[in-house]
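Chain by chain, the residues run as shown.
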Amino acid sequence: VQVDRLWRNARLATMAGEGLGIVEAGAIAARNGRIAFAGREAELPLGLRAAETIDCEGRWITPGLIDCHTHLVFAGDRSDEFERRLAGETYADIARAGGGIAATVRATREASEDALVAAALPRVDALLAEGVTTIEVKSGYGLETGAELRQLRAARRLGRERPVSIAATYLGAHAVPPGGDRAAYLRSIVDEALPRIAEERLAEAVDAFHETIAFTADETAAVFEVAQRHGMRVKLHADQLNDNGGAALAARFSAVSADHLEYTSEEGAAAMARAGTVAVILPGAFYVLKETCKPPIEAFRRHGVPIAVATDLNPGTSPIASLRLCGHMACTFFGLTVPEALLGMTRHAARALGREADIGTLEAGKSCDLAIWNVERPAEIVAWIGPAPLHARVWRGETCP
Ligand code: DI6
Ligand code: FE
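These numbers come from a predicted model, not from an experiment. (Residues numbered from 1 in each chain as written. Chains lettered and ligands numbered in written order. Predicted model: local features only at pLDDT ≥ 70, side-chain atom pairs only at ≥ 80, totals over all residues. Heavy atoms only, no water.)

Asks: Explain the overall build of the protein residue by residue, including any values.
Replies: Looking only at helices and strands, the protein has 15 helices and 16 strands in total. Over its C-alpha atoms the protein spans a radius of gyration of 21 Å, differing by no more than 12% from the 21 Å that the globule rule assigns to 401 residues. Taking as baseline every contact in the protein between residues at least 6 positions apart, the subset at least 24 positions apart corresponds to 71%. Counting only carbon and sulfur atoms, one obtains 51% of the accessible surface of the protein, whose full area is about 15500 Å². Charged side chains in the protein number 43 positive and 52 negative. The centres of these two groups are separated by 3 Å. (Helix = DSSP H or I, 4+ residues; strand = E, 2+ residues; numbered from the N terminus. Rg over C-alpha atoms; globule rule 2.2 N^0.38 Å. Contact = heavy atoms within 4.5 Å. Areas by Shrake-Rupley, 256 points an atom, 1.4 Å probe, with all protein chains shown as cover. Lys, Arg positive; Asp, Glu negative; His and termini not counted. Charge placed at Lys NZ, Arg CZ, Asp CG, Glu CD.)

See the structure below:
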């Protein structure tokens, strides 16, 4: 057997099977960007020949990390809102006064595609520096068809500018555009934007912000029905600010994920389990909003709902470009175990994107996306805040500079 590259003398956290799926004295072989072998070095196929062999000197290898929920393509800056909140205003006060999402919408509409890409690249680079190999990116700061498409095109370009996989999600139903007509905007989503996005394959999933301050269940359902007719996956911002049945709504549409979930009920968790919907928890937004109600982690465990962790990287409620920090906070704020946090940034995050056949574990056949770590134990990956103990990042079988 001939392979392109062989990483040997490694310890693997494959994220497959039980727990972290640990393999001591492991090796990984890549051919044409895919994993040809992942397992014990002693069990490498006889006669395997590699064009290049890399001695990992006992380092740990995990699947490349996956940030399955970001809004990282946007223009403008909202650090003034940080100061206003410190002075006592609330997120809702600021939104009512024309700040919040509307402020980012104004700046994003004025930005060219090039400007959006340039603004997003440092955020992407911060994630890559900590071993991320797949990033989900949502639109939702254009709130008119042209500007939404421009955001999605900018997202796609990020994957050409850097060695990383981008999963683009259309979040036209993020807010009613400032000064816009609600019904007319919803019509433009289903009649104009969705058909074009499907046709041009600009997004693989459709998301909506189902909240009392955003879209109702009926409005969300109308968007999802059209999205599914176009063969797109759906996911939902659910139960972030109160329990309005978001988890059950996501489950009704067999959403790949429901995200936030601070106020989700036991019944909501049970419905997600039956539908196979992943719970994506976003401790960055919980922290920034000084939320006190926590997602029902114990109910997710009891019902067997897979839990993923993501950054929610956005300029308002989660200005955080570190997935590891969010994994850390998922443990300290929500009580995840370290293995749960690590599975949440790999295997379960892949499933939250509907990409579990392609990424998220170290298994033959999957994309050879790896993070190679300078750590004694995998727990170090999330225990530390600050520079990532990353030795190397491998994307589609190639070591990245
Ligand atoms: N959930 C959030 O927390 C935000 N969007 C969303 O869907 C906030 C986005 C922003 O403030 O810019
Ligand atoms: Fe979000």
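Asks: Got a sec to walk through the nonpolar core? Specific residues and values, please.
Replies: In terms of nonpolar packing, the biggest core is built from 96 residues, with Leu 72, Ile 135 and Leu 194 touching the most fellow members. Non-local contacts of Ile 135, meaning those with residues more than four positions away in its chain, are made with Asp 67, Thr 70, Leu 72, Val 124, Leu 127, Leu 128, Val 164, Ser 165, Ile 166 and Ala 167. Ile 35, Cys 56, Leu 362 and Ala 392 belong to the second largest nonpolar core, which has 15 residues in total. (Core = buried A, V, L, I, M, F, W, Y, C linked by side-chain atoms within 4.5 Å. Buried < 20%, exposed > 50% of the residue type's maximum accessible area, 1.4 Å probe, protein only.)

Asks: An account of the coordination of the iron ion (ligand 2) is requested, with residue identities and associated values reported.
Replies: Only His 69 (NE2), His 71 (NE2), His 237 (NE2) and Asp 312 (OD) from the protein coordinate the iron ion (ligand 2), and they sit 2.1 to 2.2 Å from it. Relative to the metal, the four donor atoms surrounding the iron ion (ligand 2) lie at angles of 81 to 165 degrees, and the coordination shape comes out irregular. All donors to the iron ion (ligand 2) come from one chain, and their sequence spacing reads H-x1-H-x165-H-x74-D. Taken together, the residues His 71 in the loop between β6 (65-67) and α1 (79-86) and His 237 in strand β10 (residues 233-238) connect sequence positions 166 residues apart. Residue classification places His 71 among the buried positions, given a relative accessible area of 2%. (Donors = N, O, S within 2.8 Å, 3.2 Å for Na, K, Ca; no water. Tetrahedral: all angles 85-135°; square planar, octahedral: opposite > 155°, others 65-115°.)

Asks: Account for the environment of Arg 109, with residues named and values stated.
Replies: Its location among the elements puts Arg 109 in helix α3 (residues 101-110). A C-alpha to C-alpha distance of 40 Å links Arg 109 and Trp 373, two positions 264 residues apart in sequence. Not counting residues up to four positions away in its chain, the partners in contact with Arg 109 are Gly 142, Leu 143, Glu 144, Ala 147, Arg 150 and Pro 177. There is a polar contact of 3.4 Å between the side chain of Arg 109 and the backbone oxygen of Leu 143. (Polar contact = N/O pair within 3.5 Å; in protein donor to acceptor, adjacent residues only side chain to side chain.)

Asks: Outline α3, listing residues and values.
Replies: Residues Ile 101, Ala 102, Ala 103, Thr 104, Val 105 and Thr 108 constitute the buried set of α3. Next to the buried residues of α3 lie α1, α2 (91-96), α4 (113-128) and α5 (145-161).

Asks: So what about the pattern of salt bridges? Which residues, and what values?
Replies: The final tally for this structure, using the stated rule, is 28 salt bridges. Arg 5 is the salt-bridge partner of Glu 52, the closest N and O atoms lying 2.6 Å from each other. Within this pair, whereas Glu 52 is found in strand β4 (residues 49-55), its partner Arg 5 is found in strand β1 (residues 2-13), the two being separated by 47 residues in sequence. With a relative accessible area of 36%, Glu 52 lands in the partly exposed category. A residue is classified by how much of its surface remains accessible, and Arg 5, at 14% relative accessible area, is buried. Taken together, the salt bridges that share partners define one network made up of Glu 113, Asp 114, Arg 157 and Glu 161. (Salt bridge = Lys/Arg side-chain N within 4 Å of Asp/Glu carboxyl O.)

Asks: Lay out helix α7 (residues 217-229) with the relevant residues and their values.
Replies: One turn of an α-helix holds 3.6 residues; hence residues three or four places apart share an orientation. Its 13 residues place the ends of α7 18 Å apart at the C-alpha level, agreeing with the 18 Å of an ideal helix rising 1.5 Å per residue. Those residues of α7 lying buried are Glu 219, Thr 220, Ala 221, Val 223, Phe 224, Val 226 and Ala 227. Where the residues of α7 are buried, they touch α6 (182-199), β9 (205-210), β10 and α8 (246-252). (Expected span 1.5 Å × (residues − 1).)

Asks: Any chance you could break down the side chain of Glu 211 for me, citing the residues and the numbers?
Replies: Take Glu 211: it is sitting in the loop between β9 and α7. Buried and without a salt bridge, Glu 211 has Arg 182 as its closest oppositely charged side chain, separated by 12 Å. Setting aside residues up to four positions removed in sequence, Glu 211 forms contacts with Ala 238, Asp 239, Gln 240, Leu 241, Asn 242 and Asn 244.

Asks: Mind laying out the site of ligand 1, listing which residues take part and the relevant values?
Replies: Around ligand 1, a shell composed of 14 residues is seen, among which Arg 78, Tyr 91, Tyr 141, His 174 and Thr 317 lie nearest. At a separation of 2.6 Å, an oxygen atom of ligand 1 approaches a polar side-chain atom of Tyr 141. In this structure, a nitrogen atom belonging to ligand 1 sits 2.8 Å away from a side-chain N or O atom of His 174. Contact with the protein chains covers 99% of the free accessible surface of ligand 1, which is 320 Å². Split by residue class, the shell around ligand 1 holds four nonpolar, eight polar and two charged. (Near = heavy atom within 4 Å. Nonpolar A, V, L, I, M, F, W, Y, C, P; charged D, E, K, R; others polar.)

Asks: Quick one: what's the story with the state of the cysteines, residue by residue and with numbers?
Replies: If you walk through the whole model with that rule in mind, you get zero disulfides. Not engaged in a disulfide, the cysteine Cys 56 finds its nearest cysteine sulfur in Cys 368; these two sulfurs lie 11 Å apart. Using a relative accessible area of 3% as the deciding quantity, one classes Cys 56 as buried. Cys 68 supplies the cysteine sulfur nearest to Cys 326, a cysteine that is in no disulfide, at a spacing of 11 Å. (Disulfide = S-S within 2.5 Å.)

Asks: Could you give me a rundown of the pairing of strand β14 (residues 370-373), with the residues and numbers involved?
Replies: Across the two faces of β14 the burial is the same, with Leu 370 and Ile 372 and Ala 371 and Trp 373 all buried. Here β14 runs beside strand β15 (residues 390-395); their pairing, made up of four bridges, is antiparallel. What sits directly across from Ala 371, in β15, is Arg 393. (Pairing = 2+ DSSP bridges.)

Asks: Please provide a residue-by-residue account of the environment of His 69, values included.
Replies: With respect to the helices and strands, the residue His 69 is situated in the loop between β6 and α1. Given the relative accessible area of 0%, His 69 is considered buried. Along the backbone, His 69 and Asn 314 are 245 residues apart, and their C-alpha atoms lie at a distance of 9.8 Å. Here His 69 is in contact with Glu 136, Lys 138, His 237, Asp 259, His 260, Val 280, Leu 282, Ala 310, Thr 311, Asp 312 and Leu 313, once residues within four sequence places are set aside. In terms of polar contacts, His 69 uses its side chain to reach the side chain of His 71, at 3.2 Å. A polar atom in the side chain of His 69 sits 3.0 Å from the side chain of His 237.

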